[in-house]
Amino acid sequence: MSFGWNLQAPGHDLHGVYWSTCDGNNFNNGNRKRSRISYYHGNSNIHNNYWAEHGVYSNVYHFDYGNHFQCDADPLSLKRRKHSSPICENNQKYYLPSTVQGNIPSSVNFQASPTRSNVDTSVSPICKLDCSIFEDKELVFMSRDEIDRCSPSRKDGIDVLRERHLRYSYCAFLQNLGMWLNLPQTTIGTAMVLCHRFFVRRSHACHDRFLIATAALFLVGKSEETPCPLNNVLQASSEILHEQDFTLLSYLLPVGWFEKYHDRVLEAELLLLTTLNFELNVEHPYTSLTSVLNKLDPSKTVLVNLALNLISKGLQSSLWLQYKPHHIAAGAAYLASMFLKIDLTAYHNIWQEFEATPSILRDISQQLMELV
Amino acid sequence: MEKPGGGGVLSAKEAFEKLEKVGEGTYGKVYRAREKATGKIVALKKTRLHEDEEGVPPTTLREVSILRMLSRDPHVVRLMDVKQGQNKEGKTVLYLVFEYMDTDLKKFIRSFRQTGQTVPPQTIKSLMYQLCKGVAFCHGHGILHRDLKPHNLLMDPKTMMLKIADLGLARAFTVPIKKYTHEILTLWYRAPEVLLGATHYSMAVDIWSVGCIFAELVTKQALFPGDSELQQLLHIFRLLGTPNEDVWPGVSKLMNWHEYPQWNPQSLSTAVPSLDELGLDLLSQMLKYEPSKRISAKKAMEHAYFDDLDKRHL
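Just so you know, these numbers come straight off a predicted model, no measurement behind them. (Residues numbered from 1 in each chain as written. Chains lettered and ligands numbered in written order. Predicted model: local features only at pLDDT ≥ 70, side-chain atom pairs only at ≥ 80, totals over all residues. Heavy atoms only, no water.)

A. The pairing of strand S9 (residues 161–164) of chain B, seen in detail. Residues and elements named next belong to chain B. Pairing between strand S8 (residues 153–156) and S9: four bridges, direction antiparallel. Considered in S9, the bridge of aspartate 156 is made with methionine 161. Counting the residues that bridge the hairpin from S8 to S9 gives four residues, and of these methionine 160 lies at a positive phi of roughly 60°. (Pairing = 2+ DSSP bridges. Helix = DSSP H or I, 4+ residues; strand = E, 2+ residues; numbered from the N terminus.)

Set out below in structure tokens:
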């Protein structure tokens, strides 16, 4: 499935951000469209106009293959933190085990969904002192507000709107890179989600998003059995980022740049793994969407296709950090049905099939609307 | 960009004292080690990262990410931590820190073979139940192990506790089951559909391996000890009969299907004479040719063979 990605939000012209201009079909016939990014090959500096617009002139990212993006101290973040981590740790929204939920009085207004049915809630007879660092680390879902407020980037003066655009930019880059390398859409989607998880824990100011994205796609390729040789990944990402054929880059860039880039991506891979605590499993909503909708009415392919498109658009957002896959599927189906004026409530229990409450549907469809 | 693994976290060298090498895998050595802070004995699985300049090996990635999901189960080996270190050449290495288990099922069976003793039937039953339980847990979480064999089943000989280990070849499966690599699994425990080149396969490949392990526990000999893919198939066909479209619809469409010598199926009791009737029934359901007809791990746990087993502590 290929989609045209129009990622630029209306009314925002952000320079220095990678905007994909690719159309999926162009990758199949060798006619690879070049993407637009402000890389100045003279001294390899990227001047980010966003900062200039907001009167912060000192924040310039120096691009060099030895050190990648180094943060110059800017007025908004005088003290550079060695490790950026989310601030809000008490407000995290854990999904309650199904065993617990049964005991909650119906009068209590809570918004929790059952855990995945395959999670064993029984306690194994293991001494707590011997506990593995990986045990009981169920994925934590945060609200959009928590993600926006607690992002480490906030401490470095990157506001919510700016971070949203940075997110769009690395997603567009990943989509482009993944298609260039002929990787499946699920692999590309998983890489996007890993990047979202990474930047909830680490600041954009201290990490080059394109380097992290490149490492994420390389990593996911290996973990999902769609591996791509590292040199191919590096070559493609260099061509996309520099808008130049790879053969020309050796003339334009300093001696040894490729080897340095190679090492930086492998370092970024390790950083990703340690930051994410090796949590590489990402569930996508595609399966639950198609299984529920096809059960209702297999003839509604237009609805399914539109919902699938919306899910793919949703990958640019932080939805995967907020909701379980079947909830995202429900939100996409709900929004698609509204667009197509199909009344899905005619199908009895459809939202129960997705285990989705009206507030979940509203919130997800609202967030998807912002991307369309 | 800051270096990974920085901060106040101890490196592997600082945190552990290596005691002895206990094995060697595809990507590095396995050591018995002592955690300096607690004195606790652990297994350190060393992974070389830049052997082929492709970063962290896929087997390590899969093993760690899968064990994150599965380590809650008492019948899956516990991954306690992942530490970073450097080798003598200054290259980065990862150490997977596992709980230490004294032996494995391969050594356990060998010890009985060497002394000429038979494994007590109740011990076999207990070990098989634990194996089925561990496999059911993996399958319930959408994970195929794909390399089940006695060597990958760790044991505590005092408590007779069994744990599934070495998930380097494991992977998550999705619906519909995708095309998977068929160059996996140690030959002796490899399912016929994999040997015949099927690229779409399912949980049934693990059940076949469990059946082979079951028979080996009883006889102390591998059930199908082939030394090549062809020999492996012929071993299977000699005992279970050469499959055809009647017993296994679609078999002749598989990539590696040829005209094989025709054998009639033998009774399983000829290969596993000391196994009781219920055990033979369970084994026959694990070794069905048609993958979709093979018993599931969950159903196997409910089989009458396990009825007289005290399952409270398993």
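That shown, we press on.
B. Summary view of the nonpolar core. Residues A:Phe354 and B:Leu70 are the most contacted members of the largest nonpolar core, which totals 105 residues. Those residues in contact with A:Phe354 that sit more than four places away from it in its chain are A:Ser288, A:Leu289, A:Val292, A:His326, A:His327, A:Ala329, A:Ala330 and A:Ala333. Among the nonpolar cores identified, the runner-up in size contains 66 residues, and B:Val194, B:Ala215, B:Met286 and B:Ala300 belong to it. (Core = buried A, V, L, I, M, F, W, Y, C linked by side-chain atoms within 4.5 Å. Buried < 20%, exposed > 50% of the residue type's maximum accessible area, 1.4 Å probe, protein only. Contact = heavy atoms within 4.5 Å.)

C. Seen up close, the sheet that holds strand S6 (residues 103–104) of chain B. All names here are of chain B. Spatial strand order, S6-S8-S9: three strands in an open sheet with antiparallel pairing. A single partner strand is all that each edge strand has here, and the edge strands are S6 and S9. By the bridge criterion, two bridges tie S6 to S8 in an arrangement that is antiparallel. From the neighbouring strand, threonine 103 faces S8, where its bridge partner is methionine 155. The strands touched by helix H4 (residues 121–140) within the sheet are S8 and S9, with S9 carrying the most contacts at an inclination of about 30°. (Axes fitted to C-alpha atoms, helices over the stretch in contact; angles between N-to-C directions.)

D. Region of interest: empty space enclosed by the protein. Residue and element names in this part refer to chain A. Enumeration according to the criterion identifies four cavities of 30 Å³ or more in this entry. The volume enclosed by the second largest cavity comes to roughly 80 Å³. Looking at the second largest cavity, the residues that line it are Arg144, Asp148, Arg164, Arg167, Tyr168, Ser317, Ser318, Gln367, Glu370 and Leu371. Those elements that provide at least two residues to the lining of the second largest cavity are helix H3 (144–150), helix H4 (160–180) and helix H15 (358–371). When its residues are assigned to classes, the lining of the second largest cavity shows two nonpolar, three polar and five charged. (1 Å grid on protein atoms, 1.4 Å probe; cavity = no way out; pocket = protein on both sides within 12 Å on 5 of 7 lines; lining within 4 Å. Points joined across faces, edges and corners; volume = space filled by probe spheres on them. Nonpolar A, V, L, I, M, F, W, Y, C, P; charged D, E, K, R; others polar.)

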